[in-house]
Every structure is written in structure tokens, then in C-alpha cells.
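Residues per chain, in single letters:
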2 protein chains.
Amino acid sequence: MARQNLLDTDILDLIRNEEWDEVSALLLDAHPADIADVIDRSPSNSQIKLFSLLGEDAKPDVLVELESVAEAEVLEALTNAELSEIVDDMDPDDAADVISDLPEERSEQVLELMEEGSDEVRELLKYEEDTAGGIMTTDVVALPETRTVEEALDALSHFDQEERFLNANIVDQNGTMIGFVDVWDLLREKDKTRTIGAIAHRKFAAATVDMDQEEVAKQVKKYDLVEIPVVDEGGRLEGRITHDDILDVIEEEAHEDISHMVGTSEEDITEPSAFRVSRMRLPWLIIGLFGGLVSALVMSHFEMAIERIITLVFFVPVVMAMGGNVGMQSSAIVVRGLATGEIDVTHTSHRLLREIRVALINGLVCGAILTLLTFFWLRNIHLGVVVGGALICVILVSTFVGTLVPLLLKRFDIDPALATGPFVTTSNDIIGLGIYFIFTTVLLNMIS
Amino acid sequence: MARQNLLDTDILDLIRNEEWDEVSALLLDAHPADIADVIDRSPSNSQIKLFSLLGEDAKPDVLVELESVAEAEVLEALTNAELSEIVDDMDPDDAADVISDLPEERSEQVLELMEEGSDEVRELLKYEEDTAGGIMTTDVVALPETRTVEEALDALSHFDQEERFLNANIVDQNGTMIGFVDVWDLLREKDKTRTIGAIAHRKFAAATVDMDQEEVAKQVKKYDLVEIPVVDEGGRLEGRITHDDILDVIEEEAHEDISHMVGTSEEDITEPSAFRVSRMRLPWLIIGLFGGLVSALVMSHFEMAIERIITLVFFVPVVMAMGGNVGMQSSAIVVRGLATGEIDVTHTSHRLLREIRVALINGLVCGAILTLLTFFWLRNIHLGVVVGGALICVILVSTFVGTLVPLLLKRFDIDPALATGPFVTTSNDIIGLGIYFIFTTVLLNMIS
């Protein structure tokens, strides 16, 4: 029977009518991810009640799957003793995620109350959130190379009920990772008394604890891995990162790129408080506002020219929009390419050249169209040619800035996604406007 | 030994110097994904040579990993006979991907020449590229429920050397999927003569062949799956989608969202031809250009007002930039949330209300700043208040449009990402400009 989505039932109506017996019955058999979905979408006054209806063994799995808002509600309602029992039953990486969401004092209290695994969780909490160490779990199979195939199979199948292990990582007497075997190598080996060292794959991909999560995701994607071992600088096996965490990273990085582009934070999507969303977006808007005022100052410098030929200002929206569009096209493409590894910084001049060529073609086409339409509209060929020429200049310069800035940021190890943010966009607006007025007033002065 | 990246060696220099013996030696031991990386980054005149240096068993794996440009070079250089041998050694889904990149006539010729598997490939080619059918492989373990655990273990480990199977899917006599067992269930079962029907998981997630790939990725992510079975409308097992293809889908969807946002195509990143890139971007730019000209027409209607109070036009860049920024913030967040499932269309009014609240706060703050700064700059309190008020209106309207349009598109089953494209952005520009001039001229007329 294919799994049925709880949200396709009338459970949300039952919750609204507080028919808890029927709700309980529906929750009993459901997948933790489905239950979490229901809690996420329920009115906040029933979220705690719903969580309390769950069995003790479902609570850890559901809590992990909740989105930040519902998670905060539930964490608030639980006592430290209840919470410590729940996180005790989680994988160490999930436990660390939940505990890191608590205020510092409370997280210490919960860690104190934990019966087992608190050392592992403390260990994980030391790592930066967006590094391999920050997303790995310490639940990992590490077997000495002298173990037999038989013993390894046994270890793999008995280690843990929740997360299944595909690979047994093989370590030497110092704990340094020297290779791995997977469950199929073990099953296929006829002589089950051979050592795993003898049948190991000795070339392997591994992440180091301080590796950026984006880099880890690239490795996993490149080598089509289901999980990746994590080692310290000395090559000692510290943990592993599983496929589901990699999916989260890829989605998070895409979120981050888009959030940077429009000037907000990744949490914007799920944040219900308008004040908090406003606080995420406002700094960027204020940068844009000041940038716009600088543009206004630039224009005021050309007040005399504008008074003489008022039609000049009609083309300000065209020039601004076009400069913004081409700049954003170039920088967004470079940012995405850098994120996925399809573009690398060693080819800067190559990329720049391609973008400039594109800008030349697009600039000539758009410039010609603008010249023609301006001529037909205002019956002034001089004005048409000058406005069209200015547009070509603006397109070239905006493309140059839009391509170069993310590449430069990457070179200096700054997140290139900042290049698509309002700061660079606004600078581009000001530069474009300046070019337009200088170009048009100088040329029109020469003509007249 | 941790895997070494080929690109960290001096292989690109060796290729440039055409020292093929040394290049061959480096390629011999490398991972197909690393070899593909090298070919992708080599000058196009050595790509074919590099591919020819590979052993016959490496060619299929490397060809699959090549990016579109290098792939096209290599496909062009291979004879139909060579190519058919290579695709014969691929997984059916990879073979279908390569063959679908060929011109129709040639793909038919290659299919004719294939020794085995051409039926499976033809079957896969029938499905739309971005559906579950289009990304699945037909290489799937389907066992009758009457098989024993022993037999299932044997089937799992012997099926295929390349892609390892985690799950044995269980079907009834009609081929309808009724559940699955994974390799650990089989290993842990003490009585290996039990039937797999007796120990099967009977609740499972499955994709249907025509399900959109984005929807499939959501299922995989939600249930933390490593692979997902694909069934037809009647529930017959047709194939499976593996974790690496899911990673590709998530990245592709993010690429697509960002490409739509800036008005280009996903292929832009890797396309080397400036003409082809220009063709991807130009249609959107021309829409933007015409939109800009409509803005110019709008402004020309207010020529008299502008002549009277020339300072009014200084604020055109501010108003346009701010309207554009807030509209893009709202629509980008809604588009991402819809893509990942964090926002659903049933909560339209909820989302709209949150965005309007955010717009009110941000509008009031930005409007107040603009009023103050305008007053200090131009010493004209009337103008300051009117311009600030106009900005608040523009921010409210742009937010409303930016939020509503993607939600409406989704309701009508149109890709909501179009809402972030230049078409809507340009409309927002025109509306914003219109509101600004109507608001300011009407109010300033009333005052004076």
C-alpha cells in the first residue's frame, strides 16, 4: 500500500474541532515526517497538544522533522527532564541540532540531564554549523582492518536500528581511516574468514571536519556517494554525513543564493512574525534607499541639461532597468556556477570575455531597437542615436561589474552571492545613471 | 588514501603540451567523475583525444559525467558503432539521457546497433524529461512475495556490479508493488527460509511515472529515502530513482528558479557560445526594453508637472529601485517556498497578510527616512512628505503584486518562477512609476 499523506485526510478539520481521539488514531500509524507536517500546519494553540498525543518513541523522530516555528513552541512547553529523555533517543547529530536551538543556559541543563550520548553531543556542538563537523553524526562504523568479513557483517547489521549503515569504514590502530568496504563486498565475499583489510577499497572520498558544507555536497555529488566519512586533519575518522543531510545542504545553499540575491535571510520563508521578517529585509532596503538618493544627487547635477532637454529623463527608467537586468543576469550565473563548481576562479578572463561578448551582442540589438523607437516616437534622430549609444555603454559596464565582482569576492574567499545583493545592484544603478547623463549631455552638446 | 583530485595535479599543463603518455598514466587510475572534470576543462581541440585515451570500460562512465559542451564534442567524433557499444554498457537511464541528446535520425541508428537493452532505452525515451519516468532507471529488483530471504539476498548481491541495490521491491503475481525489504532486514532475519512477503514493509513511498521530478524530490527529502520506486497508474513497478538523480533534480530546480529570476536558461552557465547565450537572454531583455519604453511614455504624460517641479524626477530612481526590490523579495520567497513545499497555495491569504504587514513596516520606515532626507536636502517639507508617501504606496502595491502573482500562477498550474522574471518585474516598474507621478502631482496640486 503506497503511503498516504496525512494531510490528504480530514485531520486538520478534526484538530480544529478538537476531536483528539480520532486525531490520535490517525497519528498512531503515520510516518514521523507526515506527523511533523500536520503539526507545522496546525494553529499554534494546538501544536503542543498534538505533540503530547504522540507515543514516547515517536517524539524524537517528529521533533527532528518540525520546522523552526513549531519546534520552538514544543521546546518551550517541554520540561528539561522530558526534553533530555527525547534527545537521548536521537542520533547525536539530530540531538546537537535541537540543543543548539536552545538558549545557552537551558542547553547546558538539558545536557547535564542526559543519560548517555551527552559527550558525543558536546563534541558535535564544538563545530561551526555549516561545516562537515557541524552536519556529521558520530554514529559511524569504524572497524580495525584485522576484523573478518563475518565480524564486519555482524557489526553492520547490529549497530543501530534507525540509520542503516552502507559502509564499514576501516581504520588502523591509530584510528586513521585507510579504506572502506560496503555491505555488498561483504556479502559477495565467499571466504567469510578473510580480513576486511584484504578486500578494502583503499581510495575513498572523505570530508575534513572543517570543510565547508557546500564543498562536502560537491564531493558527494561528484562521486555519486550515499554517505561520506568525515576525518580530522590527521586523517582520524570522526563521523559521517548521510545522504539526507546532503539533500538539506544543497537546498539550503540554493535558498541562501536566492536570499542573498533579493536581500533577505533563508529563514524568511518560514518565519511567521512580520517584525522579524522586516528586520531581515530592511537593512538591504535601506542600502537601496540611500543608493537611490545618491542616484537622485547624480541627476540633480544634470538639472540644467534636463531642463533644456526634458525628454532625456524619460529614458531614465529604460537605462536603469536594462543595466540592472544585464548585471543581474551575469552575476547570478557566475554565483550559481561557482556554487555548483561549474565555474572556477582560474578561468576568470575566459568567463569575463564570454560575458562581454554577450553584452556586445545584446547591447547592439537593444541599442538599435531603442534608437529606432525613439526616432519614431520623438522624430529626433540625434536624440535616438545618443540614447541608444548610452544604452550600449551602460549594458557593457553593468555586465563587466556583474561578472567581475562575484569572481573577485570568491578569490578573496568572501561569499560571491553577496555580489547579487542590493549593494552591488545599487552601485550598478548609480554608475549606469552617471554614464547615461555624461554620455548624453556631452554628445548632445557636441551636436548642438 | 583519500582520493586525490586530478585537477590538483599538473594534468592540464601536460595536456596543453600534448604529453599524452603521461596524461594516459594519470587517467588510468582516476575516478570517472575526475576524468570528466579534466575533459570538461580542457581546450576543445584536445577533448576528443583525451576521450580516445580511455579504456573501453571507462568510456561509458566518463561520457555520462561530461557536461553538455564536451559531451557534444565527443558524441560528434564517435562513429555510430562505437557509440552503440558505449551506451550498451550504461545503465538504461544514462543510455537514454545520452541518446536523447542526439539528433533524431542518429539516435534511431544507434538504437538499431545496440546489442542489448535497446528496448529498455526506447521504453524510457517515451517519458517526459522532467517526470519520474524520465529520470528513473528500469534496473530494479522486483521479487515475488513467495521468494525466501535467502533467495532475495542472493538476488540483491548479484544483480548488477555498478549500482548497488538497497531495497528489494516485492510484487504480486500481476507485478503490482506491495512492499519492500531492505538488505538489513534480510541479513537480520534468522530464519532464511521465511518468505519475503512475511517480513515486508507494506507501507512505502512511491512515485508514479508521470509525477513531476520536483514532486519526487520532495517525497525523497520528506521521508529521508535513499531511492524511491516508480510505479505506473495501476501500481505496477516500472523502475526506481536513485539518490544521485535526486541530488541532480534539487540542483536543477534551484538553477531553474534563479534562471527564471534573471531571465535566462539553465544551460547559460556552461554554454561557451556567446551567440547562444545571447539568444537565451535577449527575449527577456527586449521585454524589459519595451517595458522601459512604456515607463518613458508614462513619464512623458507628466511632462508639464516635471517642467514645473523638476526635482520630482530626481526621485524616479529611488522609487523604481525600491519597488523592484520589495516586489522581488516577496516573489522570490514565495517561489522558493512553493518549490520546496514550505509554502502551499491553500494558505494564500495567510501569506498575503504576512507580506502586507512586512510591507507596511518597511514602507513606513523607508518613507520616513526619505521624507527626512528630502527635507534636509531640498528644504521643502511638502515635497518630502509627498515623496515619502508615494514611496509607501509603491512599496505596498509592489509587495502585493510580487506575492500574489506567483501564488496565482501556481493555482493555475503555471510555473510560479515566471513571476520573478522580467515580465512581472517590468510591469511592477510601470505600475510603480504611474503611482508615483499620480500621487505626487495630485497632492502637490492640492497643496499649491
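These figures come from a predicted structure and were not determined experimentally.

Reading guide: rules and limits
- Residues numbered from 1 in each chain as written.
- Chains lettered and ligands numbered in written order.
- Predicted model: local features only at pLDDT ≥ 70, side-chain atom pairs only at ≥ 80, totals over all residues.
- Heavy atoms only, no water.
- Buried < 20%, exposed > 50% of the residue type's maximum accessible area, 1.4 Å probe, protein only.
- Helix = DSSP H or I, 4+ residues; strand = E, 2+ residues; numbered from the N terminus.
- Pairing = 2+ DSSP bridges.
- Arc of directions from axis to C-beta.
- Least-squares fit on C-alpha atoms with pLDDT ≥ 70 in both.
- Contact = heavy atoms within 4.5 Å.
- Axes fitted to C-alpha atoms, helices over the stretch in contact; angles between N-to-C directions.
- 1 Å grid on protein atoms, 1.4 Å probe; cavity = no way out; pocket = protein on both sides within 12 Å on 5 of 7 lines; lining within 4 Å.
- Points joined across faces, edges and corners; volume = space filled by probe spheres on them.
- Nonpolar A, V, L, I, M, F, W, Y, C, P; charged D, E, K, R; others polar.
- Polar contact = N/O pair within 3.5 Å; in protein donor to acceptor, adjacent residues only side chain to side chain.
- Salt bridge = Lys/Arg side-chain N within 4 Å of Asp/Glu carboxyl O.
- Phe/Tyr/Trp six-rings, centres within 6.5 Å; stacked < 30°, edge-to-face > 60°.
- Lys NZ or Arg CZ within 6 Å of the ring centre and 35° of its normal.
- Core = buried A, V, L, I, M, F, W, Y, C linked by side-chain atoms within 4.5 Å.

(A) Region of interest: the pairing of strand β5 (residues 227-231) of chain A. Residues and elements named next belong to chain A. When you tally the buried positions in β5, you get five out of five residues, the bulk of the element. Burial of the side chains of β5 extends over both faces: Glu227, Pro229 and Val231 are buried on one face and Ile228 and Val230 on the other. Bridge analysis of strand β4 (residues 207-208) against β5 gives two bridges, and the strand direction is parallel. Bridging from a neighbouring strand, Thr208 pairs with Val231 of β5. Joining the antiparallel neighbours β5 and strand β6 (residues 237-242) is a turn of five residues, in which Gly235 adopts a positive phi near 90°.

(B) Geometry of helix α4 (residues 44-52) of chain A. Listed as buried for α4(A) are A:Ser46, A:Gln47, A:Leu50 and A:Phe51. Down the axis of α4(A), the sector holding all buried residues measures 145°, keeping them to one side.

(C) Just the relation of the copies chain A and chain B, in detail. Aligned on chain B, chain A shows an RMSD of 0.2 Å; the corresponding rotation is 180° and the shift along the axis is 0.0 Å. Overall, the copies show the geometry of a two-fold rotation axis. Ranked by how close their C-alpha atoms come to the rotation axis, the residues of chain A are headed by A:Ala254, at 2.9 Å. Of all interface residues in chain A, 99% are interface residues in chain B too; the two copies therefore contact each other through one and the same surface.

(D) Quick peek at the sheet that holds strand β3 (residues 177-182) of chain A. Residues and elements named next belong to chain A. Pairing within the open sheet is mixed, and its three strands lie in the order β1-β2-β3. Because the sheet does not close on itself, it has two edges, and the strands there are β1 (142-144) and β3. Each neighbouring strand pair of the sheet contributes to a mean axis angle of 35°, computed without reference to strand direction. When strand β2 (residues 167-171) meets β3, the two strands line up antiparallel, connected through five bridges. Residue pairing for β3: Ile170 is matched across the bridge by Gly179.

(E) Highlighting empty space enclosed by the protein. Within this structure, the stated rule accounts for nine cavities of 30 Å³ or more. Estimated volume of the largest cavity: approximately 610 Å³. Along its surface, the largest cavity is lined by 37 residues, and A:Gly324, A:Thr425, B:Gly324, B:Asn325 and B:Thr425 are the ones closest to its centre. Secondary structure elements with two or more residues in the lining of the largest cavity: α16 (243-262), α17 (274-301), α20 (316-340) and α23 (422-447) of chain A together with α16 (243-262), α17 (274-301), α20 (316-340) and α23 (422-447) of chain B. Taken together, the residues that form the lining of the largest cavity break down as 13 nonpolar, 22 polar and two charged. In this model, the second largest cavity occupies a volume close to 130 Å³. As for the second largest cavity, its lining consists of A:Glu214, A:Ala217, A:Lys218, A:Lys221, A:Ile250, A:Glu253, A:Ala254, A:Arg336, A:Ala339, A:Thr340, B:Glu251 and B:Ala254. Of all the secondary-structure elements, those providing two or more residues to the lining of the second largest cavity are α15 (213-222), α16 and α20 of chain A together with α16 of chain B. Looking at the lining of the second largest cavity residue by residue, the classes come out as five nonpolar, one polar and six charged.

(F) Quick look at the side chain of B:Glu355. Relative to the helices and strands, B:Glu355 is located in helix α21 (residues 348-378). Here B:Glu355 falls in the buried class, since its relative accessible area comes to 0%. Among the polar contacts listed, one links the side chain of B:Glu355 to the side chain of A:Arg281, at a separation of 2.9 Å. In this structure B:Glu355 touches A:Arg281, B:Ser330, B:Thr399 and B:Thr403, once residues within four positions along its chain are discounted.

(G) Region of interest: the layout of surface pockets. Each pocket or cavity is described by its volume, and for the second largest pocket that value is around 240 Å³. As for the second largest pocket, its lining consists of A:Glu150, A:Leu153, A:Asp154, A:Ser157, A:His158, A:Leu187, A:Lys192, B:Leu187, B:Arg188, B:Lys190 and B:Lys192. Those elements that place two or more of their residues in the lining of the second largest pocket are α12 (149-158) of chain A together with α13 (183-188) of chain B. Looking at the lining of the second largest pocket residue by residue, the classes come out as three nonpolar, two polar and six charged.

(H) Just the pattern of salt bridges, in detail. According to the stated counting rule, one finds 40 salt bridges over all chains in the structure shown. In this structure, the salt-bridge partner of B:Asp248 is A:Lys221, at a minimum N-O distance of 2.8 Å. Of this pair, B:Asp248 sits in helix α16 while A:Lys221 sits in helix α15, which puts the two residues in different chains. For A:Lys221, the salt bridge is made with B:Glu251, and the minimal N-O distance between the two is 3.5 Å. Of the two residues, A:Lys221 sits in helix α15 while B:Glu251 sits in helix α16, which places them in two different chains. Given a relative accessible area of 13%, B:Glu251 falls into the buried group. In the salt-bridge network here, residues are joined through shared partners; they are A:Asp268, A:Arg281, B:Arg354 and B:Glu355.

(I) Looking closely at the sheet that holds strand β3 (residues 177-182) of chain B. Residue and element names in this part refer to chain B. Taken in spatial order, the three strands of this open sheet run β1-β2-β3, and their pairing is mixed. What marks the edges here is a single partner per strand, and that holds for β1 (142-144) and β3. Averaged over all adjacent pairs, the angle separating strand axes in this sheet is 35°, with direction ignored.

(J) Geometry of the packing of aromatic side chains. Enumeration according to the criterion identifies 10 aromatic pairs over all chains in this entry. Between B:Phe315 and B:Trp377, the ring centres sit 6.1 Å apart and the planes meet at 70°, which makes this aromatic pair edge-to-face. Highlighted residues: B:Phe315 in the loop between α19 (311-314) and α20 and B:Trp377 in helix α21, separated in sequence by 62 residues. Grouped by ring-pair contacts, the aromatic residues A:Phe302, A:Tyr436 and A:Phe437 constitute a single cluster. Just above the ring of A:Phe375 sits the side chain of A:Arg379; from NZ or CZ to the centre is 5.7 Å.

(K) Region of interest: the nonpolar core. In this structure, A:Leu63 and B:Leu63 are the most contacted members of the largest nonpolar core, which totals 111 residues. Within the second largest apolar cluster, 69 residues are counted, among which are A:Val316, A:Ala359, A:Ile395 and A:Leu433.

That's the geometry; what it means functionally is another story.
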